[in-house]
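Working through the structure, step by step
For reference, the chains in residue letters:
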Amino acid sequence: MSSPVQHKDLANALRFLAADGVEKARSGHPGMPMGMADVATVLFTRFLKYDALDPAWPDRDRFVLSAGHGSMLIYALLHLIGTPGVTLDELKNFRQLGSKTAGHPEYGHCPGVETTTGPLGQGLANAVGMALAERMMAARFGADIVDHRTYVIAGDGCLMEGLSQEVISIAGHLKLSKLVVLWDDNQICIDGDTNLTTSDDQLARFAASGWATCRVDGHDPESIAKALAASQHADRPTLIACKTVIGFGAPTKAGTEKTHGAPLGADEIAGMRDKLGWPHAPFEIPAPIAEAWAATGRKGAEARSTWAKRHGAMEAARKVEFDRLLSGQLPKAYLEALNGFKAKLAADKPKMATRKASQDVLEVLTGVIPEMVGGSADLTHSNLTVTESTPSVKPGDFSGRYIHYGVREFAMSAVMNGLALHGGFIPYGGTFLVFSDYMRNGMRMSALMGLRVVYVLTHDSIGLGEDGPTHQPVEHVASLRAIPNLTVFRPADAVETAECWQLAIENKAGPSALALSRQNLPTLRSDVAENKSAKGGYVLAEAEGGARQVTIISTGSEVEIALQAREMLQADDIRAAVVSMPSWELFDRQPQAYKDGVLGQAGRRVAVEALSPFGWERYVGTPDAVIGMPGFGASAPADKLYAHFGITAGAVAAKAKQFAGQ
């Protein structure tokens, strides 16, 4: 008669799948999965509310592996509990082209992976967003429909990243009591012992930010279980410091950085099999252990079934709205409201900053799209991101729709990613464009995961004036345009701002960034029946009196200057057209015939943008045909700066004459 399956058997199954997977790939990080196998086993077998056959069940607990380098841990877990598609062959193909088991966990690529992790600290930050989303959805629909927890495994590196302080401060302030962080306290980083780099008291640090904290032996299942049980009743987020041995079980390398980021080697794994009493071949899991893990994957089926009955019994309109929010479909009323607003703009022709136009658009959109959740990194009344429909989210009151992120730009981006990943919300957040550098990696992760997150980036050029070069963006738009799957908009007036907002909220495949002016701009468009910004660029003003001799291409606040230059050229009998190009990314997707028609003859094009000229040669052929910022700005009123840097209608007209044909 075989012995009953014990905790150590379940944990060792994780350890050996991780070690064998990394060994076969000849690449990877075996140490963390081996060290945290006991913690993960207790979490999954005793606490996690999860049905492996329905990994997208809305009320499941979320599990985030913030220490994404230890990806074989989550792949082994997902395989053992029976997640569809995460087969043994996928584990054997770890880190290979086309496999679901990428080097770091990727959202949308592997079933059961809640977020893409690898850039340390961001998984923890995403989890804060997920935990916040759970509280906000529960405030709307009640605990009978929304009642789940968010668990994170984070490493020393996650806690070293400055982002971690930003997000633990937010989580503690908001008292996100259903968030639990399991810290892999193994005292090892790539360079060696963590005493080389840090002497922080992490428990004191978290406690100072309003967290409950405790310390456990990460290899004692009962100690781990006791701490997790206590977290279920906490009135604040919980940090559980799990003292572990990295590479647990490796006979000569355990407890050292040698197990962190390289295969153990055949001899070490053989010794590990002897030491842990695991005589089985690579990737072989004995049937009793495999069945015990599979039962763990099935144990959430009853909870899911019970939830489904409650969901089915919801009041009809409430159920329809809940399902709509999770599907990501916009309400039907938004387009009619937005079109009415654009018609009013065309009639009134206001002169306003595009940041103010954005606020006016948001008043309309947030009034009819309840899933839009705003916020700002302590620049609400500069970014103009709050509306009458978005009251503040506060500790103990999650019914609001506006998040005060404080001066924490990176946290804002990563928390918004978590909100989007959870489902039910379209987050947008504001800061100055120049500070997008602080959150660039979070924006990149939005793009990599294909999340509908909107970045409102105001004060977009030297047009912000006297605050000077520390606050005047130059290279930032070019830098953001370089991020794949990020759609960058720089609208020229209020009409284009409304159009760009429409495109941003309709884009379910990736994030958008709106670069908006501080200075007032005239309304340039009166034709609003078609969303012309949807093509990225279009002819705003065609040449008069004959065939086009030159094309002036521009974006944002400089489109007004381009139109003034066109008038100067017309007075000199030079037929010029003006193209507004609010989005390079959308324009580049258009058919070649359309692009050729808009841009006109090659060699007869110039561009003007009060930013870095980098990249414009793709449209005008040569850097010599671009008027832009040659370097950093200066402190002065906006009109003086435009004149000082030669970004004027006269300069554009003179440049256009150099490239105009006969």
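Please refer to the structure higher up on the page.
Read on for an overview of the structure. (Residues numbered from 1 in each chain as written. Predicted model: local features only at pLDDT ≥ 70, side-chain atom pairs only at ≥ 80, totals over all residues. Heavy atoms only, no water.)

1. A look at the side chain of Thr431
You can see Thr431 is positioned in strand β10 (residues 426-432). Since its relative accessible area comes to 0%, Thr431 is described here as buried. In this structure Thr431 touches Ala377, Leu379, Asn383, Glu409, Met412, Met439, Val456, Leu457 and Thr458, once residues within four positions along its chain are discounted. (Helix = DSSP H or I, 4+ residues; strand = E, 2+ residues; numbered from the N terminus. Buried < 20%, exposed > 50% of the residue type's maximum accessible area, 1.4 Å probe, protein only. Contact = heavy atoms within 4.5 Å.)

2. Section: the packing of helix α5 (residues 122-141) against helix α7 (residues 162-174)
Running from N to C, α5 and α7 cross one another at 20°; their axes reach a closest spacing of 9 Å. Here α5 is positioned roughly parallel relative to α7, judged by the angle of their axes. At the point where α5 passes α7, the crossing takes the left-handed sense. Judged by residue contacts, Gln122, Leu124, Ala125, Val128 and Leu132 of α5 engage Leu163, Ser164, Val167, Ile168, Ile170, Ala171 and Leu174 from α7. Residues belonging to the contact of α5 with α7 are distributed by class as follows: 10 nonpolar, two polar and no charged. (Axes fitted to C-alpha atoms, helices over the stretch in contact; angles between N-to-C directions. Parallel < 35°, antiparallel > 145°, perpendicular 65-115°, else oblique. Left-handed = near helix turned anticlockwise from the far one by under 90°. Nonpolar A, V, L, I, M, F, W, Y, C, P; charged D, E, K, R; others polar.)

3. Looking at empty space enclosed by the protein
Under the criterion given, the structure shown has three cavities of 30 Å³ or more. Every residue along the wall of the largest cavity is listed here: Phe44, Leu48, Tyr50, Asp61, Arg62, Phe63, Ile74, Leu78, Gly112 and Glu114. Mapped by element, the contributors of at least two residues to the lining of the largest cavity are β1 (62-65) and α3 (71-80). The residue inventory of the lining of the largest cavity, partitioned by class, reads six nonpolar, one polar and three charged. (1 Å grid on protein atoms, 1.4 Å probe; cavity = no way out; pocket = protein on both sides within 12 Å on 5 of 7 lines; lining within 4 Å. Points joined across faces, edges and corners; volume = space filled by probe spheres on them.)

4. Considerations on the sheet that holds strand β13 (residues 512-516)
Pairing in this open sheet of six strands is parallel, and the strands run β9-β8-β10-β11-β13-β12 from one edge to the other. With partners counted over all chains shown, the strands left at the sheet margins are β9 (402-404) and β12 (487-489), one partner each. Sheet twist, expressed as the average angle between the axes of neighbouring strands with direction ignored, equals 20°. Where β12 and β13 come together, three bridges link them in parallel fashion. Of the residues in β13, the one forming a bridge with Val488 is Ala513. With respect to the sheet, helix α17 (residues 409-422) is in contact with β8 (372-376), β9, β10 and β11 (454-458), its orientation differing from that of β10 by roughly 170°. (Pairing = 2+ DSSP bridges.)

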